[in-house]
Amino acid sequence: MLKTLQKPLFQNLFNIGLLILVLIPLLALACYNHPSPVDDYCYIDTVFKYGYFEAMNFYYTGWTGRYFGILMNHSNPLILKWPGGFKLLSFLLILGLTSSLFALAKEVFPKWSRLGSFGLVGGLLFLFILKIASIAEAFYWMAAFVTYTVPNALTIYWLVVMLRWYQLPKGGLKNFTSVLAGFLVFAVIGCSETNLTIMVLLVAGWWGYQLVINRTWDWFAVFLVAVAAFSCYIFFTSPGNLLRMSGNPEGRNIPFSAMQSIKLLARLSLEWMTRTPLLVFTILWIAVLPKIFVNQQTMRYFSVPLWVAVLAYFGILFVQIFPSYYGIGIEPAPRVINSIYLYFLIGWFYCLAVLVRYFYQQDFLGAKNWYLPPSIKLVLAILIVVSALFSQNFRMVYGDWLRGRAAAYDSELKQRYAYIENTPGDRVYVEPLKARPQSLFLDDANPDPKHWWARCMGGYFGKKEVVLKTNP
């Protein structure tokens, strides 16, 4: 058994087992997903009332500059009167995020087998789901996932496109790749303030790295900077941004926002390091890196100064928190914490690789011959499995799926839709949902007939209001 643990095949299969452990319940739950009364109906109700383009203009001028997020939200399946489309979207989103991480792994480690790349993705997604702040906001509430999870996946794809561009010979394919990279910058910046700051930091940082460290005038980087500047112009000239940012007296306070951001980042980092098996995966990652660095093509991706990697890492985490405090003076929502955690994990393992690469080249502490005994690997594997058994998130997703809570939620909502459509009158009262799976459920209909959720839902079904009953 101990000798088997030392084989790469066993290690990859173990990590793929973690990937399956994560994906199966998430994909199963997607089959029970529905639009949420929180925002999802309002985008389409606005389209039905004012038209497709005028509805998007209404949001852009009256609420937010998230031009690409507005486009996706106003194109949700309800525009086709297809609530079931939300199941398909969540299913594709989960696979899309997984495939983006797989594409990045294959690009950075080209000599690895598909099994090895999927193993790496399995470990990363396992850690991610283990401590994610809100599964519903990450994968099942469309108004949230199109402005955070989708652009995060697009940003990872952008990294893949960037790495690929520098390897392609001049010609049509390279030109197309340039256009694709520019489009991804434009799309990501237009999704949310959080992803705007991430992409601007990445684009500007790469241009600065080429200019200062590599002493190269990189026209491709200049092109991306120009696209980012144009995208930011469209974003920040939205009249809706001023209205949104004026709602809290603590907003636009730079010292307050910076200090609160650093405090929150420190608290979250400590929690992620101590309440997940992150340190276990860290030991395993350090042990495998010397074998990876035998390949010079792979090593070059980690041949950056450690201070540059750490500065970029801290910057990407910090700029995700800062806009919430600066814009509206409050702590980021769980959907933003999800995003921070994803980049925390990716950056953590990247910075470790940069550090170990330095040790490897200097053969510091015998780094070229680092070895992890099979007995230690067995203990670490057991700790990983135990962490899954005690994870609240894993108990939640498996419980909602296997205990039928998600299926009951799906059935109740289908009955509700039929009841609303068959009930005459402009106002329809609906019973509160009994099944409320935490992995899918965000909020129920609203009991106030004047509330915009009640009116939006009513407008979608051809009524004036859909109101939640408050009395039996």
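Let us look at the structure shown here. In this text, all values refer to a predicted model and were calculated from it rather than measured experimentally.

Now for the environment of Asp 443. Along the chain, Asp 443 turns up in the loop between β1 (427-430) and α23 (452-460). Separated by 279 residues in sequence, Asp 443 and Arg 164 place their C-alpha atoms 43 Å apart. Ignoring any residue separated from it by four or fewer positions in sequence, one finds Asp 443 in contact with Ser 36, Pro 37, Val 38 and Trp 453.

What follows deals with unusual backbone geometry. Here Lys 81, not a glycine, exhibits a phi torsion of approximately 60°, which is positive. Tracing the chain through its elements places Lys 81 in the loop between α5 (67-73) and α6 (85-108). Located in the positive-phi region is Arg 215, a residue other than glycine, with phi close to 50°. Tracing the sequence through the fold places Arg 215 in the loop between α12 (193-213) and α13 (219-236). Judged by relative accessible area, Arg 215 falls into the exposed class, the value being 72%.

In this structure, Phe 128 and Phe 139 are the most contacted members of the largest nonpolar core, which totals 141 residues. Among the elements that line this core, the one with the most residues is helix α19 (residues 334-362), at 16 residues. Beyond its immediate sequence surroundings of up to four residues, Phe 128 is in contact with Leu 97, Phe 139, Asn 338, Tyr 341, Leu 342 and Leu 345.

What the rule picks out here adds up to one disulfide. Here Cys 42 engages in a disulfide with Cys 456; their sulfurs sit 2.1 Å apart. Looking along the S-S bond of the Cys 42-Cys 456 disulfide, the torsion reads about 100°, which is the right-handed sense. With Cys 42 in helix α3 (residues 40-50) and Cys 456 in helix α23, this residue pair connects regions lying 414 residues apart in the sequence. Owing to a relative accessible area of 1%, Cys 42 belongs among the buried residues under this scheme. Its relative accessible area of 9% is what places Cys 456 among the buried residues. The thiol sulfur of Cys 191 is not disulfide-bonded, and the nearest other cysteine sulfur, from Cys 232, lies at 13 Å. Accessibility expressed as a relative area gives 15% for Cys 232, which makes it buried.

What follows is about the pattern of salt bridges. The tally for this structure, following the rule as stated, stands at 13 salt bridges. For Glu 193, the salt bridge is made with Arg 66, and the minimal N-O distance between the two is 2.7 Å. Of this pair, Glu 193 sits in helix α12 while Arg 66 sits in the loop between α4 (52-62) and α5, and the two are 127 residues apart along the sequence. Exposure class is identical for Glu 193 and Arg 66. Each is buried. A salt bridge links Lys 131 to Glu 271; the shortest N-O distance between them is 3.5 Å. Residue Lys 131 is located in helix α7 (residues 114-131), and its partner Glu 271 is located in helix α15 (residues 254-274); the two are separated by 140 residues in the primary sequence. On the basis of relative accessibility, which here comes to 22%, the residue Glu 271 falls in the partly exposed class. One continuous salt-bridge network, built from bridges that share partners, spans Lys 87, Asp 410 and Lys 414.

On strand β2 (residues 465-468), burial covers both faces: Glu 465 and Val 467 on one face and Val 466 and Leu 468 on the other are all buried. Here β1 pairs with β2 via four bridges, running parallel. Looking at β2, one finds that Arg 427 is bridged to Glu 465.

Our focus in this paragraph is the side chain of Ser 238. Within the fold, Ser 238 resides in the loop between α13 and α14 (239-245). At 3.3 Å, the side chain of Ser 238 and the backbone oxygen of Thr 64 are in polar contact. Residue contacts for Ser 238: discarding those within four places in its chain leaves Tyr 60, Thr 64 and Gly 65.

Looking now at the side chain of Thr 197. One can find Thr 197 in helix α12. Of note is the side chain of Thr 197, whose polar atom sits 3.1 Å from the backbone oxygen of Val 319. If sequence neighbours within four positions are ignored, Thr 197 has contacts with Val 319, Gln 320 and Pro 323.

Here we take up helix α20 (residues 374-389). For α20, built from 16 residues, the straight-helix expectation of 22 Å at 1.5 Å per residue is met to within 8% by its first-to-last C-alpha distance of 23 Å. All of the buried residues along α20 are Pro 374, Lys 377, Leu 380, Ala 381, Ile 384, Ser 387 and Ala 388. Buried residues in α20, looked at end-on, bunch into an arc of 135°, giving them a common side.

Relative to the helices and strands, Arg 436 is located in the loop between β1 and α23. Here Arg 436 is in contact with Phe 441 and Asp 444, once residues within four sequence places are set aside.

Rules behind the numbers
- Per chain, residues are indexed from 1 in the order of the written sequence.
- Given that this is a predicted model, residues contribute local features only at a pLDDT of at least 70 and side-chain atom pairs are listed and counted only at 80 or more, while totals for whole chains, interfaces and linings are drawn from all residues.
- In computing side-chain properties, one takes all heavy atoms of the structure into account and sets aside hydrogens as well as water.
- The helix count covers DSSP runs of H or I at least four residues long, the strand count covers runs of E at least two residues long, and both are numbered beginning at the N terminus.
- Residue contacts are counted whenever heavy atoms from the two residues lie within 4.5 Å of one another.
- Here the term buried applies to any residue with accessible area under 20% of the maximum for its type, exposed to any over 50%, and partly exposed to those in between, with areas from a 1.4 Å probe on protein chains only.
- Put simply, a nonpolar core is a bunch of buried Ala, Val, Leu, Ile, Met, Phe, Trp, Tyr and Cys residues held in one set by side-chain atoms that sit within 4.5 Å of each other.
- By disulfide we mean two sulfur atoms from cysteines, separated by a distance within 2.5 Å.
- When a carboxyl oxygen of Asp or Glu lies within 4 Å of a side-chain nitrogen of Lys or Arg, that pair is called a salt bridge.
- Strand pairing is defined by DSSP finding a minimum of two bridges between the two strands.
- As used in this structure description, the phrase polar contact means that two N or O atoms lie within 3.5 Å; if the pair is within protein, one of them must be able to donate a hydrogen and the other to accept it, and residues adjacent in sequence are counted only when both atoms belong to side chains.
- By this rule the span expected of a helix is its residue count minus one, scaled by 1.5 Å.
- The arc in question is formed by the directions pointing from the helix axis toward the C-beta atoms.

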